[in-house]
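Fold and geometry: a report
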Amino acid sequence: MRRKSHHLRAPGAHASGSRLAALAPVALAALTAAVPSPALAAGAPIAAPLVESKWLKLDGIPKEWPVAFTSLGLKIKGKPSKTDLAAQVAIAYDDARIYVAADVTDDALRGGADHVKVVIGFPGGKVQEVALYPGQPGKTAGSVKVPGGKAVAGARVIEAPRSGGYTLEASVPWTAFPEAATTRVGLRAGLFVHDDDGGGVDAVVGSAASEAYGSLSPLATEPELALTDGLLRSKGIQGRASYDLVADVAGDGMRERVLVHERFLIVLGPGFRKGAQYYFEDLGVDAKDGMVPSLTARDLTGDGQAELILRKRSGSSTKYREVIHVLQFGAGDTPRPIFQHEIAIATDKGSVVNDVDFVADGDKMTIRVEPGKATRYDASNYAEGVETTYDPLLLPWGPIKSQVYKLTGGVFTKASEQRQAGAAGPRPAPARAEEARAAPKPAGLSPAEMLDKVYALYRRDRSASSSKPRFDLGADVAGGKEPERVLLHDRDIVVFGKGFRGGAGYAFMTLAQFASPADIRSVRALDLTGDGKAEIIVHGTVRAAAPKEAGGGTVDRDVVMIFRVDGESIQRIFAAEVARSVGDKKIAGELKFVRVGDKMGIELAPGKAVEWTEQTYPFNQDKAPVGGFEPLLLPWGGAQPARYVWNGSIFAK
C-alpha cells in the first residue's frame with residue numbers, strides 16, 4: 001500500500017508477503033525434487049526454508065525434504081572423480097534448529113572421518129562452523145563437532161549407506177552458532193563435503209571456493225525467499241539493494257534486516273511477522289536516483305530497540321526538498337513516524353542544507369537541528385516556499401539558530417529553540433510541496449469554489465487520468481461537523497472539505513494493492529468506532545499468479561479494508577480477506593457489522609465452498625494475519641467466527 005498525506009509515503013502501511021511454502025505443507029512436499037538441481041553457481045543464494053520439525057523424519061534418508069538438493073560443483077581439494085566424491089545438499093531450519101541433508105557419492109564411507117562441514121557467515125564478517133560426522137553403520141553413532149573437536153550438545157546425525165555412497169540427515173541447535181542468538185537474517189553459508197580415505201582428508205567439494213566470509217553464498221531464509229518470490233519478482237527488481245542494514249528494529253531481541261530496493265523500504269526477520277512474512281512500503285521515490293540519500297538504524301528512545309532514520313527527497317535529482325524521518329516499529333509490525341523535519345532544499349538557484357545531530361540525553365537521545373550551510377542563497381535572493389506540514393527548513397539568515405527535540409509521549413517534540421537576529425529578505429511564497437499541500441486561498445472565493453480549487457489542485461498534482469471520480473461520497477470523516485468529500489480517483493482515496501486543512505488542502509492514499517482501478521468494487525462510509533466520525537470502507541479484489549499447487553492461473557482474493565482520517569492523514573485500521581478463488585473454484589467467507597454498545601463490531605465467519613473440498617483446497621487455514629489481512633475462515637476444520645471491536649487504537653478480538 002502507498003499512502004500519502006503530507007510526509008513520508010505509506011507510514012504504517014500493512015503491506016507484506018509470505019510464500020505459499022510457509023503456509024502449505026502439501027505444497028512443500030511437492031517441492032522435493034527427484035532430480036537434484038544443477039550445481040550452485042558461485043555466489044548464488046542457498047535456499048533455506050522454514051519448516052516444522054514434524055515434517056522431517058530424521059532417519060538418514062532425506063526423501064521428504066521441502067527443498068531441491070543442490071549439487072556441490074566446486075572442487076576445493078584434490079581432483080575427485082564423480083565416483084570418488086560428489087555431493088548434493090540441502091538446508092532448512094526452524095526456531096530451534098537448522099537441518100542439513102546430504103547425498104554423497106563416495107567409494108568408501110569412513111565413519112568418524114568423512115564429514116560435511118556447514119559454515120555460516122554473519123553480518124560484519126564473522127564466520128562460525130560445525131562438522132557433521134556420519135557414524136560407522138552398526139558400530140558407532142554420528143556426531144556434530146565445533147572446531148577443536150568438542151561435540152555439540154543436542155545435535156544429531158543419522159547416516160544411511162547406499163550403493164556407491166551414503167546419505168545423511170542432521171539437526172543442529174542454533175546455539176552451536178553463538179552469533180545466531182540475535183542474528184538469523186543477512187547470513188552467508190558454505191557447505192563442504194570432506195572425503196577421508198584413511199590418510200586424512202584428500203578431497204573436498206563445496207558450494208564456495210573457500211570458507212572465508214567473502215567466498216560464501218547468501219543464505220536465503222524464509223522471509224528472504226518470500227521477498228524474492230514476491231515483491232522483487234512482481235516488480236521486476238534485480239540487483240543489490242541500495243541499503244541493507246541488520247538491526248533490532250522490532251524489539252523482539254532478534255535483529256531484523258532492513259533494505260531499500262528502488263522505491264521500496266522492506267523489513268524482515270526471524271521473529272518479525274512470524275518469521276515467514278515481510279513488511280514493505282512504497283517510498284514514492286527511487287533510491288537508485290539518489291532520492292533516499294541516507295538510511296541508518298539507531299536507538300534514539302533508550303528502549304534497546306533501534307529506530308530507522310531515513311532521509312528522503314521529493315522532486316528531481318537536481319531540484320528537491322529533503323526531509324528527515326525517524327520511524328519506529330514500537331510493539332507493532334508497521335512503523336510510525338515519531339519525528340519529521342525538512343532539512344534541505346536545492347534548486348537551480350542554490351541550496352540550503354541543515355545540520356542534524358543526535359545528542360545523548362541519559363539513556364535517550366535528543367535531536368538538534370541547526371541552519372547549516374547555504375550555497376548561492378542568502379537573505380536577498382531566497383524566496384522559496386515554506387513547509388507547513390512539519391517544521392520547515394532553518395535558514396542561516398533566519399531568526400532560529402537551533403532547535404532541540406526531546407522524546408515526549410512517544411514522539412520527538414520541540415523542547416527548546418535558540419533565537420538569533422534574522423536578516424531581512426524577500427517574503428517567501430506559500431509552500432508548494434510535491435505532496436498534498438495547502439493552496440493559497442484567493443480572496444472572494446466562496447467555500448464551494450474553494451473546494452473546487454482544491455479538487456483541481458489534486459487532479460493537477462496527480463495528473464489524474466479520468467475527469468470524474470468512480471466513487472464520490474459526502475461523509476463527516478474529519479475536522480468539524482461539516483461533511484468532507486471522499487473520492488476514489490483511479491486508485492487514490494482523496495479527502496478534502498471545508499473543515500479539513502482549513503478548506504485549502506487535501507490528503508490522499510494510493511491503494512497500491514489493486515492492480516487496476518476496476519478491482520476496487522465499492523467505497524462507503526460508516527462510523528465503526530463510535531466517535532461520531534465515519535470510517536472509509538473499501539471492498540475490492542487483489543490478484544496474483546496462482547502457484548502450480550493451486551492449478552495455475554490467477555488467485556483472486558476479495559478483501560475489505562477500513563480507513564480512518566487521523567488528523568490530516570489517512571490510516572488503515574483494519575483489513576480482512578473475505579473470499580478466495582481460482583477460476584470457478586471459490587471459498588466465500590462472511591463479513592458483517594454488528595452493534596456492540598456505542599460502536600460497530602466487525603464479525604468474520606466461515607462461509608461456503610464452491611468446487612473445493614477440504615481435501616482439494618490447496619491452501620492452509622491461516623492462523624494469523626497474512627500481509628496485514630485477517631485470515632479467510634474456511635468452512636471446515638472447526639474455524640469459529642471472530643469478532644473485532646475498536647479499543648481506541650485498533651480493532652481487537
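Residues numbered from 1 in each chain as written. Predicted model: local features only at pLDDT ≥ 70, side-chain atom pairs only at ≥ 80, totals over all residues. Heavy atoms only, no water.

1. Concerning the sheet that holds strand S40 (residues 651-652)
Strand order in this open sheet of 8 strands is S33-S34-S35-S36-S37-S38-S39-S40, and the pairing throughout is antiparallel. Both outer strands of the open sheet, strand S33 (520-526) and S40, are each paired with one neighbouring strand and no more. Note: strand S36 (residues 569-582) against strand S37 (residues 585-596), 4 bridges, orientation antiparallel. Of the residues in S37, the one forming a bridge with Ser581 is Lys586. (Pairing = 2+ DSSP bridges. Helix = DSSP H or I, 4+ residues; strand = E, 2+ residues; numbered from the N terminus.)

2. A short note on the pattern of salt bridges
Applying the stated criterion to the full structure yields 34 salt bridges. Between Asp531 and Arg564 there is a salt bridge, and its shortest N-O distance comes to 3.1 Å. Here the residue Asp531 occupies a position in the loop between S33 and strand S34 (535-545), and Arg564 occupies one in strand S35 (residues 554-566), the gap between them amounting to 33 residues. One connected set of salt bridges, linked through shared partners, spans Asp391, Lys414, Glu417 and Arg419. (Salt bridge = Lys/Arg side-chain N within 4 Å of Asp/Glu carboxyl O.)

3. Some remarks on helix H2 (residues 222-234)
With 13 residues, H2 should reach 18 Å at 1.5 Å per residue; the first-to-last C-alpha distance of 17 Å fits that figure. Of all the bends in H2, the greatest, near 30 degrees, is centred on Thr228. Buried within H2 we find Glu222, Pro223, Glu224, Leu225, Ala226, Leu227, Leu231 and Leu232. (Expected span 1.5 Å × (residues − 1). Bend = angle between axes of the 7 residues up to and from the residue. Buried < 20%, exposed > 50% of the residue type's maximum accessible area, 1.4 Å probe, protein only.)

4. Some remarks on the sheet that holds strand S27 (residues 400-408)
Spatial ordering of the open sheet is given by S21-S22-S23-S24-S25-S26-S27-S28, a layout of 8 strands whose pairing is antiparallel. Strand pairing shows two members of the sheet lacking a second neighbour, strand S21 (294-298) and strand S28 (411-419), which therefore form its edges. This sheet shows a mean twist of 25 degrees between the axes of neighbouring strands, independent of strand direction. In this sheet, strand S22 (residues 307-315) lies alongside S21 in antiparallel orientation, the contact comprising 5 bridges. Bridge pairing in S22 places Thr296 opposite Ile309. (Axes fitted to C-alpha atoms, helices over the stretch in contact; angles between N-to-C directions.)

5. Describing the pairing of strand S30 (residues 484-489)
Most of S30 is tucked away, with 5 of its 6 residues classed as buried. Sheet topology places strand S29 (residues 471-475) next to S30; 5 bridges connect them, and they run antiparallel. Bridging from a neighbouring strand, Phe471 pairs with Leu488 of S30. Relative to strand S31 (residues 492-496), S30 runs antiparallel, the two being bridged by 5 bridges. Paired with Val486 across the two strands is Val495, which belongs to S31. Counted between consecutive antiparallel strands, the loop separating S30 from S31 contains 2 residues, among which Asp490 sits at a positive phi close to 55 degrees.

6. Digging into the confidence of the model for the protein chain
Mean pLDDT over the protein chain works out to 85, with 87% of the residues at or above the 70 mark. Looking across the protein chain, the model is least confident in helix H1 (residues 25-30), with a mean pLDDT of 27, and most confident in strand S10 (residues 126-133), with 97. Counted against residues more than four places away or in other chains, residues 426-443, with its pLDDT under 50, gives 53 contacts. (pLDDT = per-residue confidence, 0-100. Contact = heavy atoms within 4.5 Å.)

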